[in-house]
Amino acid sequence: AQSVTQLGSHVSVSEGALVLLRCNYSSSVPPYLFWYVQYPNQGLQLLLKYTSAATLVKGINGFEAEFKKSETSFHLTKPSAHMSDAAEYFCAVTGSGGSNYKLTFGKGTLLTVNP
Amino acid sequence: DTEVTQTPKHLVMGMTNKKSLKCEQHMGHRAMYWYKQKAKKPPELMFVYSYEKLSINESVPSRFSPECPNSSLLNLHLHALQPEDSALYLCASSQGQRMDTYEQYFGPGTRLTVT
């Protein structure tokens, strides 16, 4: 079974500072990994996904993530935080074969951006 | 049009009521999903429809009854709910059911309160 662990339920950064949201995965098969963002009172939006192509994945809104198999990690970064980045971020994993219909989400990390 | 719409936005119902949630997409997607999201928690998959047939039921209680009348519409019928069923109900759709291949598009959700 696949799972993800997000380290830090709440991350606070200053506007213009680096954003780093941590995600570690556990999977017995090659994982497919995702980062979603959820703004208050809205649904989820896909930021980026890793599907075994390039290990450095670029997404929308200036975010990127690097897949590191040796560290079983898929951390999300953005060089310079914007006030508009304040939201809940979810890392998710799906498996291959028969289990690839289901996204398993981490518990989420709330990002606050201070002016 | 990459939008998934959900109605109503908010719903308050008593434990003896019968109500329905509605989800609509016009992207030609053939897979549709219902998720339940409790406050400060990640979404949990409830049901998956593929080509208008129920393909996955994640052991959801029978007081939740999904229906897919056509390829654009997904309903969730609610009956005899409990207060612990209060949550944000999210609908999503994708071109196909494989999460390693297709992106899920989420609607804004219906916030349900059971009194």
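Scroll up to find the structure this text is about.
Below or above, wherever it landed, is the structure these notes cover. One numbering rule holds for all chains: residues counted from 1, following each sequence as written. Here chains are named by letter from A upward and ligands by number from 1 upward, in the order in which they appear as written. Whole-chain, interface and lining totals are the exception, using all residues; otherwise, since this is a predicted model, local features are given only for residues with pLDDT of at least 70 and side-chain atom pairs are given and counted only at 80 or more. To get the side-chain values, all heavy atoms of the structure are used, and hydrogens and water are removed first.

1. Observations concerning the sheet that holds strand S7 (residues 64–70) of chain B
All names here are of chain B.
- Any two strands are treated as partners once DSSP identifies two or more bridges connecting them. Secondary structure is summarised from DSSP: a helix means a run of H or I of at least four residues, a strand means a run of E of at least two, and numbering begins at the N terminus for each. Read from one edge to the other, the open sheet built from 4 strands follows the order S1-S3-S8-S7, with strand pairing classed as antiparallel. For this open sheet the edge positions go to strand S1 (4–7) and S7, each flanked by a neighbour on one side alone. Going across the sheet, the axis of each strand differs from the next one's by a mean of 20 degrees, ignoring polarity.
- Pairing analysis gives 5 bridges linking S7 to strand S8 (residues 73–79), with the strands arranged antiparallel. Across the sheet, residue Glu67 finds its bridge partner in S8, namely Asn75. Only C-alpha atoms enter the line fits that serve as axes; for helices the fit covers just the stretch in contact. Angles between N-to-C directions range over 0 to 180 degrees.

2. Points about the state of the cysteines
Residues and elements named next belong to chain A.
- We call a pair of cysteine sulfur atoms a disulfide when they lie within 2.5 Å. Here the structure, examined in full by the defined rule, presents 2 disulfides over all chains.
- There is a disulfide in this structure between Cys23 and Cys91, and the S-S distance comes to 2.0 Å. In this structure, the disulfide formed by Cys23 and Cys91 twists by about -65 degrees around the S-S bond and is classed as left-handed. Taken together, the residues span a long stretch of sequence, with Cys23 in strand S3 (residues 19–26) and Cys91 in strand S9 (residues 87–94) at a distance of 68 residues. Each member of the pair Cys23 and Cys91 is classed as buried. Exposed residues in this analysis have more than 50% of their type's maximum accessible area, buried residues have under 20%, and partly exposed residues fall in between, with area computed by a 1.4 Å probe over protein chains only.

3. Notes on the environment of Glu15 of chain A
Residues and elements named next belong to chain A.
- Here Glu15 shows up in the loop between strand S2 (10–14) and S3.
- The partly exposed category is assigned to Glu15, whose relative accessible area is 43%.
- Residues Glu15 and Ser80 lie 65 residues apart in sequence; the distance between their C-alpha atoms is 7.1 Å.
- Note on definitions: a residue-residue contact is assigned when non-hydrogen atoms from the two residues lie within 4.5 Å. Residues within four places of Glu15 in sequence aside, it is in contact with Ala81, His82, Met83, Val113, Asn114 and Pro115.

4. Looking at the interface of chain B and chain A
- On the chain A side, the residues contacting the 25 residues of chain B number 20 residues.
- With both chains or domains summed, chain B and chain A bury close to 1,700 Å², and 57% of this area falls on carbon and sulfur atoms.
- Once two parts are brought into contact, the accessible area they lose, counted with a 1.4 Å probe and summed over both, makes up the buried area. The three residues of chain B that bury the most area against chain A are Met99, Asp100 and Phe106 of chain B, which together make up 31% of that side's buried surface.
- Whenever Lys or Arg places a side-chain nitrogen within 4 Å of a carboxyl oxygen from Asp or Glu, that contact is recorded as a salt bridge. Run the count over chain B and chain A and you get 1 salt bridge.
- Across the salt bridge formed by Glu58 of chain B and Lys102 of chain A, the nearest N and O atoms sit 2.7 Å from each other.

5. Thoughts on the packing of aromatic side chains
- Here a Phe, Tyr or Trp ring, Trp counted by its six-membered ring, pairs with any other such ring whose centre lies within 6.5 Å, and the pair is stacked when the planes are under 30 degrees apart, edge-to-face when over 60, and tilted otherwise. Applying the stated rule across the entire model yields 12 aromatic pairs over all chains.
- A ring pair is formed by Phe63 of chain A and Tyr89 of chain A, whose centres lie 5.6 Å apart and whose planes are at 50 degrees; its orientation type is tilted. With a gap of 26 residues between them, Phe63 of chain A in the loop between strand S6 (56–58) and strand S7 (64–68) and Tyr89 of chain A in strand S9 connect regions that are remote in the sequence.
- Of the residues examined, Tyr89 of chain A reaches a relative accessible area of 0% and is grouped as buried.
- Ring plane angle 75 degrees and centroid distance 6.2 Å describe the contact between Phe105 of chain A and Tyr35 of chain B, whose orientation is recorded as edge-to-face. Of this pair, Phe105 of chain A sits in strand S10 (residues 104–105) while Tyr35 of chain B sits in strand S4 (residues 31–37), each in a different chain.
- Feature note: the residues Phe34, Tyr36, Phe90 and Phe105 of chain A together with Tyr33, Tyr35 and Phe106 of chain B constitute an aromatic cluster, connected by ring pairs.

6. As for the pairing of S3 of chain A
Residues and elements named next belong to chain A.
- A one-sided burial pattern is seen for S3, the buried positions being Val19, Leu21, Cys23 and Tyr25 and the unburied ones Leu20, Arg22, Asn24 and Ser26.
- Pairing of strand S1 (residues 3–7) with S3 involves 5 bridges; the strand directions are antiparallel. Bridging across to S3, Thr5 finds its partner in Asn24.

7. Here's the deal with the side chain of Lys36 of chain B
Residue and element names in this part refer to chain B.
- Structurally, Lys36 is set in strand S4.
- The class for Lys36 is buried, based on a relative accessible area of 17%.
- Setting aside anything within four residues of it in sequence, one finds Lys36 in contact with Pro42, Pro43, Glu44, Met46, Glu84, Asp85, Ala87, Leu88 and Tyr89.

Geometry only, nothing functional implied.
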